[in-house]
Amino acid sequence: MVSSPDRVPDGEEKPIPLTYEAPTAIRQMLFATWALLNSLTRDQREQAFLPMDDERRIDWDFIPKPDRCGVPLFALDRHQRTVAHTLLKSGLSMHGYSQAVSIMATENILRELEAVPRGFGAIAGDFRDPEGYWFSFFGRPGFEDTWGWRVIGHHISFSYTIVGQRYLTVTPLAMGAQPFPAGVLNPLGGNEELAFRILGALDDGKRSTALIHPVAPADFATRQVPRIGAEEWPDHVDLGIVGYSITDEDRKALRFVKSAPSGLNGADLSRAELDLVHELLFRYFDTVPEELAAQYRDATLAEDPERLTFAWAGGTDPDSPHYYRISTGRVLVESDNAVALGQHMHSVWRDLDNDLGHDLLLDHHERDGHHGGHLRRRLDSTVPESG
């Protein structure tokens, strides 16, 4: 079984390795990518294609930006949009796809809510747009090749890295919701409800340990770094949002330390409580193709509960600024619902080793270079003519 090396200090238990192999999902992504690219005009293809080492590949921040790379849904014709959605679905389970299209649809509600009260008028539709989502392709999407693709826009950031047509990574995978909920549209509501069930199931002592700070961060504690370091501190504010800020003392209390996460250790949970935390983690895993989701579920269940930590910050009722995170030896999940008094949620699932394919790409490039050995052999003569 091939997997990236698990870099843990000597003497510590290694997490159960994942193979990251997902042949069916990779094949569907490749063919859907070809179909979309073949439908694009020359100008659209130039917008959509970027080198694998383009620094914009690792910028997965899903706030509105004026300089997005890629080709947006609103620039596609009817057939192209259908193919683009087929590609989007190839990277998600049906549950995850339903969350994605619900988040996109919520932009209609947000546009109407902001048009008059915030004075945006007609221009609200220019940045609260259900088709304001950009598709980008990095590298060469081909058989046995290494490449990536991404869908990004307000409150959606899906990054996929395919290594040698064999390995697949799907993180960071970030979703948001505003307003929360938006009438019948409530794509992240199930996660939030289960998180409060976990908090409510804890006795006073366990809850006190889980509550790491009375103030929630303005956004993710790990921010939007492309790879989580040994220690990450949240920012003072959420970019572009005024009215909610935290102090340096708050930031220190809320920091994520990879080797010693703060919060309630999984070994101190009852079987029923641990099952609830696993259920919440699995809701994040189950947004992606089953081939990969099953690997994350199995690795989590096989892991020593001592490697799991559940942490909460801020208020303990839904209509207050609050935040939770779950970390294991392999993954980190964060959910922040601090601004707008619990009416604006950001959530992210991260792989501590392989966000954006990090360790897998290092291993692959060291072993095979930027292209697989088979691709090179197809172009080289076995015994070239001399002279």
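Every chain is numbered on its own, with residues counted from 1 as its sequence reads. Side-chain atom pairs in this predicted model are given and counted only at pLDDT of 80 or more, local residue features only at pLDDT of at least 70, and totals for whole chains, interfaces and linings cover all residues. By convention in this description, side-chain values take in all heavy atoms of the structure and omit both hydrogens and water.

(A) Highlighting empty space enclosed by the protein. Cavities and pockets were defined on a 1 Å grid built from protein atoms only: a cavity is a group of points that admits a 1.4 Å probe but offers it no way out, a pocket is an open group of points flanked by protein on both sides within 12 Å along at least five of seven lines, and a lining residue is one with an atom within 4 Å of any such point. Grid points are joined across faces, edges and corners, and a volume is the space filled by probe spheres set on the points. For the structure shown, the criterion picks out four cavities of 30 Å³ or more. Size it by volume and the largest cavity reaches roughly 60 Å³. Lining the largest cavity, in full, are Gln-99, Leu-173, Ala-174, Met-175, Leu-188, Asn-191, Tyr-284, Thr-287 and Ser-347. The secondary structure listing takes helices from DSSP runs of H or I that are at least 4 residues long and strands from runs of E that are at least 2 residues long, numbered from the N terminus. Among the elements that make up the lining of the largest cavity, the one with the highest residue count is strand E7 (residues 173-177) (three residues).

(B) Focus on the pattern of salt bridges. Counted as salt bridges are all cases of a side-chain nitrogen of Lys or Arg within 4 Å of a carboxyl oxygen of Asp or Glu. Applying the stated criterion across every chain yields a total of 18 salt bridges. Close ionic contact of Glu-273 with Lys-206 constitutes a salt bridge, the shortest N to O distance being 2.8 Å. Taken together, the residues span a long stretch of sequence, with Glu-273 in helix H9 (residues 271-285) and Lys-206 in helix H7 (residues 204-210) at a distance of 67 residues. Lys-206 matches Glu-273 in its accessibility class, with the two residues each being buried. In this structure, the salt-bridge partner of Arg-307 is Glu-303, at a minimum N-O distance of 3.5 Å. Exposure classes here rest on a 1.4 Å probe applied to the protein chains alone. A residue is buried below 20% of its type maximum, exposed above 50%, and partly exposed in between.

(C) Fine view of the packing of aromatic side chains. Each Phe, Tyr or Trp ring, with Trp reduced to its six-membered ring, pairs with another whose centre is within 6.5 Å; inter-plane angles below 30 degrees give stacked pairs, above 60 give edge-to-face pairs, and intermediate values give tilted ones. As enumerated under the stated definition, the model contains 15 aromatic pairs in all. Note on Phe-310 and Trp-312: the rings are 6.3 Å apart at their centroids and 50 degrees apart in plane angle, and the pair reads as tilted. Accessibility expressed as a relative area gives 0% for Trp-312, which makes it buried. Three or more aromatic residues link up through ring pairs in this structure, and these residues are Tyr-20, Phe-282, Phe-285, Tyr-296 and Trp-349.

(D) Layout of the pairing of strand E13 (residues 322-327). Burial runs high along E13: six of the six residues are buried. Every second residue of E13 is oriented toward a common face, with His-322, Tyr-324 and Ile-326 on one face and Tyr-323, Arg-325 and Ser-327 on the other, all of them buried. Two strands pair under a simple rule: DSSP has to find at least two bridges between them. When strand E12 (residues 309-314) meets E13, the two strands line up antiparallel, connected through six bridges. Each residue of the ladder has a partner; that of Trp-312, found in E13, is Tyr-324. Connecting the antiparallel pair E13 and strand E14 (residues 331-337) is a turn made up of three residues.

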